[in-house]
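For reference, the chains in residue letters:
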Amino acid sequence: MLLTITTTARPATDLGFLLHKHPGRVQEFGRSFGTATVFYPEAEEERCTAALLLEVDPIALVRSRGKSSPDFSLSQYVNDRPYAASSLLAVALADVFRTARAGRCAARPELAGTPLPLELRLPALPCRGGPELATRLFEPLGWEVDAQAVPLDEGFPEWGDSRYVRLTLRGTARLADALNHLYVLLPVLDDGKHYWIAPDEVDKLIRAGEGWLSGHPERGLITRRYLGRRWALARTALARLAELGDETEEQLEPAVEEDAPAGESAADEAAAAEAAAQGDAPQEEAVQEEAAQEAPKAKPLNLRRREAVLAKLEELGAVSVIDLGCGQGELVGALLARPRFARVGGMDVSSMALTIAARKLRLDRMPDSRRARLTLFQGALTYTDKRLSGYDAAVLMEVIEHVDPPRLTALERVVFGRARPRHVLVTTPNIEHNVRYEFLTGLRHPDHRFEWTRAEFAAWATRVAGEYGYQVAFEPVGDDDPEVGPPTQMGVFTRDQRS
């Protein structure tokens with residue numbers, strides 16, 4: 001198996017700092033299933049390529065398999081694993097480039113957060129769904145995808161194509177994001193893993209998918225395949241990706257028809273086909289789904305939150321609004337759809353999120369009249385930025401809980417002290433409501449630095465309002481539970497006329 005990573009960002013040899021692997025050395029890493037080797041076929045200032053070569057030992061792979069792994073006799077030794085990218089390569093990538101995947105670079109910390117021009121190549125990738133599926137999975141992440149089907153035999157074109165593709169990805173992204181995309185999507189495309197899928201795989205998926213998976217149009221398919229179609233794990237993961245109640249599983253994109261994974265018994269294949277016919281849900285859930293379709297569906301929390309913010313902005317008479325931490329542009333799109341908002345801004349620290357936002361908003365095809373109302377830009381809420389000024393209202397929707405507590409004072413100073421919009425709307429989870437979520441064992445999202453009770457949020461908001469000359473009022477978002485309060489709490493700050 002082979003993966004190459006190429007950059008042309010000068011000096012291109014900085015790739016060695018990010019990967020924590022020196023371009024002048026060949027390094028080997030022993031694994032239970034073989035040997036991973038990292039080397040650099042080219043390392044010049046203008047262009048640098050790092051290669052990860054995984055040599056699989058089929059004997060060692062069989063000896064290291066779990067007791068519950070199926071026994072396929074000869075296929076344990078004669079298969080495509082030494083040659084085609086699979087979960088074996090994903091695991092090797094995760095281990096060998098662990099620090100790079102985490103986005104850390106002690107020698108060049110600013111480099112780890114910088115998007116770079118990258119080209120990723122996989123010469124042989126099993127893809128159950130063909131080149132079209134590879135495009136559907138990688139294109140929404142900002143990659144230019146070149147996926148070419150590998151013929152069964154070039155000498156006999158009438159035999160058709162194999163299930164393998166040659167995949168090349170080109171784009172501008174943080175190296176950490178690129179590695180995490182591969183880590184998650186390689187086993188998804190192969191639709192199989194070489195190891196037992198335990199409950200901790202949900203945590204791995206959530207961590208690797210942070211910042212991109214929850215907004216991916218194929219997140220349902222990705223989650224099901226990554227978790228080996230284990231329905232209980234998939235439901236847990238989908239609930240966490242949807243921020244526990246913001247979306248229901250039924251509202252996710254419907255599954256496509258997929259080939260059954262190799263090694264499934266005839267009974268399993270029949271069950272999978274029957275499940276696909278029911279919308280990719282297990283047969284025993286069909287009756288429940290049919291009953292659910294008859295009953296009216298409650299609005300997901302993320303939609304109710306967005307509607308609450310929009311209604312409040314209209315009530316306040318705001319004409320220009322900036323969404324601070326706009327993510328993939330859901331609120332920005334809703335603001336643009338209402339002509340009363342003559343000026344709309346969106347800022348986020350993630351360049352990948354902004355790229356996805358631009359695609360979702362169809363920025364390249366947006367009418368000039370609407371495009372003139374919109375400004376999207378990258379920035380951080382903890383640094384003074386003159387681009388934040390001049391708006392009637394600013395919105396921080398599910399943002400402050402992602403900020404480290406010691407940095408909150410910087411955010412307060414930037415938003416309330418320097419930008420000073422007439423109104424500031426802040427929404428954040430109510431931790432007291434978390435007991436109502438069946439699958440929750442910690443905070444609602446792995447990136448949350450904290451979650452506040454209603455009293456804690458009120459204390460913070462009241463202090464900030466007093467320090468910067470604002471008045472603040474509090475409103476519930478979502479069903480206001482009489483015991484634990486609403487799932488989301490909103491603070492509406494209005495600057496004093498005298499300030």
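Reference entry: report on the structure contained in this document.

1. What to know about the sheet that holds strand S1 (residues 2-7)
Stage number 1. The strand order S2-S3-S4-S1-S5-S7-S6 describes an open sheet built from seven strands, whose pairing is antiparallel. With one partner strand each, in any of the chains shown, strand S2 (27-31) and strand S6 (144-151) form the two edges of the open sheet. Taking each pair of neighbouring strands and ignoring which way they run, the sheet shows an average axis angle of 15°.
Stage number 2. Both S1 and strand S4 (residues 48-56) contribute to a ladder of six bridges, which runs antiparallel. Following the sheet pairing, Ile 5 is matched in S4 by Ala 50.
Stage number 3. Helix-sheet contacts for helix H6 (residues 130-138) involve S6 and strand S7 (161-173), and the interaxial angle to S6 is about 160°.

2. Focus: the packing of helix H9 (residues 219-226) against helix H10 (residues 231-241)
Stage number 1. Direction vectors running N to C along H9 and H10 enclose 140°, while the axes themselves pass 9 Å from each other. Classified by the angle their axes make, H9 and H10 are oblique. As H9 runs across H10, the sense of the crossing is right-handed. Residues Arg 219, Gly 220, Thr 223 and Arg 224 of H9 lie in contact with H10, whose contacting residues are Trp 231, Ala 234, Ala 237, Leu 238 and Leu 241.
Stage number 2. Residue composition of the contact of H9 with H10, grouped by class: five nonpolar, two polar and two charged.

3. A few points about the pattern of salt bridges
Stage number 1. The final tally for this structure, using the stated rule, is 31 salt bridges.
Stage number 2. Among the ionic pairs, Lys 360 bridges to Glu 330, the shortest N-O distance being 3.5 Å. Residue Lys 360 is found in helix H15 (residues 351-360), and its partner Glu 330 is found in helix H14 (residues 330-336); the two are separated by 30 residues along the sequence.
Stage number 3. Taking the relative accessible area as the measure of exposure, Lys 360 reaches 38% and is therefore partly exposed.

Criteria and thresholds
- Residues numbered from 1 in each chain as written.
- Predicted model: local features only at pLDDT ≥ 70, side-chain atom pairs only at ≥ 80, totals over all residues.
- Heavy atoms only, no water.
- Pairing = 2+ DSSP bridges.
- Helix = DSSP H or I, 4+ residues; strand = E, 2+ residues; numbered from the N terminus.
- Axes fitted to C-alpha atoms, helices over the stretch in contact; angles between N-to-C directions.
- Contact = heavy atoms within 4.5 Å.
- Parallel < 35°, antiparallel > 145°, perpendicular 65-115°, else oblique.
- Left-handed = near helix turned anticlockwise from the far one by under 90°.
- Nonpolar A, V, L, I, M, F, W, Y, C, P; charged D, E, K, R; others polar.
- Salt bridge = Lys/Arg side-chain N within 4 Å of Asp/Glu carboxyl O.
- Buried < 20%, exposed > 50% of the residue type's maximum accessible area, 1.4 Å probe, protein only.

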